[in-house]
Amino acid sequence: LRRLFCFNVSASASASTPALSKKKPLVFMGSPQVSATVLDALLKSSSSPNSDFEVAAIVTQPPSKRDRGNKILPSPVAEHALERGFPSDLIFTPGRAGEEIFLSILRHLQPELCVTAAYGNILPTKFLKIPKLGTVNIHPSLLPLYRGAAPVQRALQEGVKETGVSLAFTVRALDAGPIIAYERFKVDDQIKAPDLLDVLFSQGAELLIRELPYIFDGSAKLKAQPQDDSKVTLAPKLTPEESWLSFDQDATLLHNKVRAFAGWPGTRAKIVVIEENGEHSIIDIKIITTRVSAGGNVPESGVDDIRFIKGALVIPCGGCSALEVLELQLPAKKVVNADAFRNGLRGRKLKKL
C-alpha cells in the first residue's frame, strides 16, 4: 500500500521505462465505482488477441476516508484494479493532475491516449499536451447539456425525460470538447441518481470500446462535432445545504429532488410529532424513496396533516399536490418502510412543519 499510494522517486523510477509492446499504451483515469465499469471494458478489450492497445497505467484519486469507520481507503477504482491483478506500481494517485512528478511519470509512459471517466480532477494544459492522440472523456449527459460535476443529479432534479452519455475530446474548458459520439437514454420517473449513473457509464463503456479504433486511426478527430455553446447548461456539484425539502413546493419537484440527491447527500425534512397529551416535538427524517400521489388533491381541512395511506406516508405539498414517502430513515437508525415507521409512532400523529 505504501508503494502504491506514496508518491515518491521510487514510483517514478518504476514507470520510467515503458513496457516493450507493440500495443499502443493507454492510460485510464477514474475514481468512483461507476468508473470501474469502464476500466473493466478496457481491460477486457485490451486482452483480446486482436487488440491494438494496452492499459499502461491507471490514475485515480488519493486514498480518503470512506465508509462508516472513516478508514482511509483507496478509491473504488484502485481497489477494483488491485482485485483484478493490475500491477500496483502502475496505479498512480496524484493529489493534482498538474504535479510535476506525476507529469514526468506520464511522459515516460508515452501514452497514445488518455481516457477519463469520473476522474474528479481538473486536467491542466500541460497534462493535455502529453498523450499523442489526446484525452477523451465519458460524460453522463447529452453535451452541451449539463456540463459540470453533477450532470445526472441535476438532470433528474429538473425532471428530464431523456438524457444520455457523450464521448468527447477533452479541452481546457470544462466539458467543452468536440463530441465523438453519444447515446440517448429514456428516463423513467422513479429511477434514482446512483442507478442512472450505473446505466450511463455502462453505456459509455460500450460507446468507448466501439469508437476506440477510430480514435486510434485518427478518423474520430476528423468526425468529432464541436458543441453548440448557445445550448450549454451547467450542472454544479451538490451541497449538503441543498438537501432540505420544503413541502410548500409542488410534490413533483420534491420527488425529483429525492431521486437526484439519492446516495449523497440525500434529502431531509423536519416534521412535527404530536403526542397523545397534545405536546409537540420536531424530528428530522431522511427521505429515501417517494412517488407523487396519484390523487394529488389535498382536502381543505387539515391541510398540514400527514396521513398513512396504503403503505405510504402522504405529505401535503404546494399546488394541491401530495408526496408519498415509501422509505425513510431516522437519525442513527436503519432505513424502514412507511408501515414500519408508522408502527414505531404508537398512535402519535404527524404534521408537516
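Since the model is a prediction, treat every value here as computed from it, not as a measurement.

### Points about the overall build of the protein
- Counting its regular elements, the protein contains 11 helices and 16 strands.
- Along the three orthogonal principal directions, the C-alpha set of the protein runs to about 80 × 45 × 35 Å.
- Residues counted as buried form 48% of the 353 residues belonging to the protein.
- Considering only contacts within the protein whose residues lie at least 6 apart along the sequence, 67% involve residues at least 24 apart.
- For the protein, the accessible surface area stands at approximately 17,700 Å², while carbon and sulfur atoms represent 53% of it.

### Topic: the pattern of salt bridges
- Here the structure, examined in full by the defined rule, presents 15 salt bridges.
- The salt bridge partner of Glu211 is Lys223, with a shortest N-O separation of 2.9 Å. One end of the pair, Glu211, is in helix α8 (residues 193-216); the other, Lys223, is in helix α9 (residues 219-223), and 12 residues separate them in sequence.
- Overall, the relative accessible area of 5% leaves Glu211 in the buried class.
- A residue is classified by how much of its surface remains accessible, and Lys223, at 37% relative accessible area, is partly exposed.
- A salt bridge links Arg268 to Asp284, with the nearest nitrogen and oxygen atoms 3.8 Å apart. Note that Arg268 is positioned in strand β10 (residues 267-274) and Asp284 in strand β11 (residues 280-292), a separation of 16 residues in sequence.
- Taking the relative accessible area as the measure of exposure, Asp284 reaches 24% and is therefore partly exposed.
- Taken together, the salt bridges that share partners define one network made up of Glu183, Arg210, Glu211 and Lys223.

### Some thoughts on the confidence of the model for the protein
- On average, residues of the protein score 92 in pLDDT, and 91% of them reach the 70 mark or higher.
- Counted against residues more than four places away or in other chains, residues 1-19, with its pLDDT under 50, gives 30 contacts.

### A look at the side chain of Asn137
- Relative to the elements of secondary structure, Asn137 occurs in strand β7 (residues 135-139).
- The exposure class of Asn137 is buried, given its relative accessible area of 15%.
- Among the polar contacts made by the side chain of Asn137, one reaches the side chain of Thr116 at a distance of 2.8 Å.
- In this view, Asn137 contacts Thr116, Ala117, Ser166, Leu167, Ala168, Thr170 and Asp175; residues no more than four positions away in its chain are not counted.

Parameters and conventions
- Residues numbered from 1 in each chain as written.
- Predicted model: local features only at pLDDT ≥ 70, side-chain atom pairs only at ≥ 80, totals over all residues.
- Heavy atoms only, no water.
- Helix = DSSP H or I, 4+ residues; strand = E, 2+ residues; numbered from the N terminus.
- Buried < 20%, exposed > 50% of the residue type's maximum accessible area, 1.4 Å probe, protein only.
- Contact = heavy atoms within 4.5 Å.
- Areas by Shrake-Rupley, 256 points an atom, 1.4 Å probe, with all protein chains shown as cover.
- Salt bridge = Lys/Arg side-chain N within 4 Å of Asp/Glu carboxyl O.
- pLDDT = per-residue confidence, 0-100.
- Polar contact = N/O pair within 3.5 Å; in protein donor to acceptor, adjacent residues only side chain to side chain.

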